Amino acid sequence: HQVKEAELVNQALLSAASQFTGKDAVNTFIQEVLTARERQTIGRRLAIARLILEGNTYYEIREKLHISPNTFRNIRQWVGEELPAYNNVVINNNLKKLENDEKRSRKISKRVDPLSFAALKQRYPMHFLLFNLADELLAPKENNHGHKLNKSK
């Protein structure tokens, strides 16, 4: 019964769409056939699908469009089933994000064991002011070319 209903609905939609011709046919169809609420719903779904294809996470999309986890899951599933290249796009975007994250993490200072003396000095710099000043004064200096200068000469 549901299959026949789906076929009937698809035929009605295709019949209505075929009545519009010209370069603005799609725009005319959208404006004259769909209600404002339907345009909003379809537009949101397509915007979410585009963001998913670009490799955005649920949290990134939620900040932009305020969606629920179920909406994200349903649209991601729809995109995965309907667009065969979806998985390739997601994998490529995830690889790019991983590369960018690695580059960012290299720029961030080295990770320090949180229970070490160095971590305490980082966390409470004013408590270890004298130690930090001594470290700066005793650390080897570098010239403009990145070479360490030797103070003993």
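Residues numbered from 1 in each chain as written. Predicted model: local features only at pLDDT ≥ 70, side-chain atom pairs only at ≥ 80, totals over all residues. Heavy atoms only, no water.

Along its 14 residues, helix H5 (residues 69-82) runs 20 Å from first to last C-alpha, staying within 8% of the 20 Å computed at 1.5 Å per residue. Within H5, burial applies to Phe-72, Ile-75 and Val-79. All buried residues of H5 lie within an arc of 75 degrees about the axis, which places them on one face of the element. In H5, the exposed residues that point more than 90 degrees away from the buried face are Pro-69 and Glu-81. (Helix = DSSP H or I, 4+ residues; strand = E, 2+ residues; numbered from the N terminus. Expected span 1.5 Å × (residues − 1). Buried < 20%, exposed > 50% of the residue type's maximum accessible area, 1.4 Å probe, protein only. Arc of directions from axis to C-beta.)

Summed over all chains, the structure comprises three aromatic pairs. Taken together, a centroid distance of 5.9 Å and an interplanar angle of 70 degrees make the contact between Phe-20 and Phe-29 edge-to-face. Put simply, the rings of Tyr-58, Tyr-59 and Phe-72 touch in pairs and so form one group of aromatic residues. Between the NZ or CZ atom of Arg-45 and the centre of the ring of Trp-78, over which it lies, the distance is 4.3 Å. (Phe/Tyr/Trp six-rings, centres within 6.5 Å; stacked < 30°, edge-to-face > 60°. Lys NZ or Arg CZ within 6 Å of the ring centre and 35° of its normal.)

Quick look at the confidence of the model for the chain now. Per-residue pLDDT for the chain averages 77, and the proportion of residues at 70 or more is 73%. The weakest mean pLDDT in the chain belongs to helix H6 (residues 86-107) at 60; the strongest belongs to helix H4 (residues 58-65) at 90. (pLDDT = per-residue confidence, 0-100.)

Soluble globular proteins tend to bury their nonpolar side chains together. Ile-48, Ala-49, Leu-51, Ile-52, Tyr-58, Ile-61, Ile-67, Phe-72, Ile-75 and Val-79 form the largest nonpolar core, which has 10 residues in total. Among the elements that take part in this core, helix H3 (residues 36-53) stands out by supplying four residues, more than any other. If we skip the residues at most four places from it in the chain, Ile-67 touches Arg-44, Ile-48, Tyr-58, Ile-61, Arg-62 and Phe-72. (Core = buried A, V, L, I, M, F, W, Y, C linked by side-chain atoms within 4.5 Å. Contact = heavy atoms within 4.5 Å.)

This part is about a nonpolar patch on the surface. Taken together, Phe-117, Leu-120, Tyr-124 and Phe-131 make up a surface patch of nonpolar side chains, about 380 Å² in accessible area. Turning to its location among the elements, Phe-117 is positioned in helix H7 (residues 117-123). (Patch = residues over 30% accessible without salt bridge, like charges linked within 9 Å, V, L, I, M, F, W, Y side chains within 5 Å. Areas by Shrake-Rupley, 256 points an atom, 1.4 Å probe, with all protein chains shown as cover. Salt bridge = Lys/Arg side-chain N within 4 Å of Asp/Glu carboxyl O.)

Once that is clear, we can look at H3. The terminal C-alpha atoms of H3, which comprises 18 residues, lie 26 Å apart, in line with the 26 Å expected from a rise of 1.5 Å per residue. Where H3 terminates, the next one or two residues include Gly-55, which has phi positive at roughly 95 degrees.

What follows concerns the environment of Ala-49. Its place among the elements puts Ala-49 in helix H3. Taking the C-alpha atoms as reference points, Ala-49 and Ile-75, separated by 26 residues in sequence, lie 6.4 Å from one another. Look past the residues within four positions of Ala-49 in its chain and what remains in contact with it is Ile-75, Trp-78 and Val-79.

Turning our attention to the packing of H3 against H4. When two helices pack together, you describe them by how their axes are tilted relative to each other and by the distance separating the axes. Look at H3 against H4: their axes get within 10 Å of each other, and the N-to-C directions meet at 145 degrees. By crossing handedness, the relation of H3 to H4 is classed as right-handed. Residues Arg-44, Ala-47, Ile-48, Leu-51 and Ile-52 of H3 pack against Ile-61, Lys-64 and Leu-65 of H4. (Axes fitted to C-alpha atoms, helices over the stretch in contact; angles between N-to-C directions. Left-handed = near helix turned anticlockwise from the far one by under 90°.)

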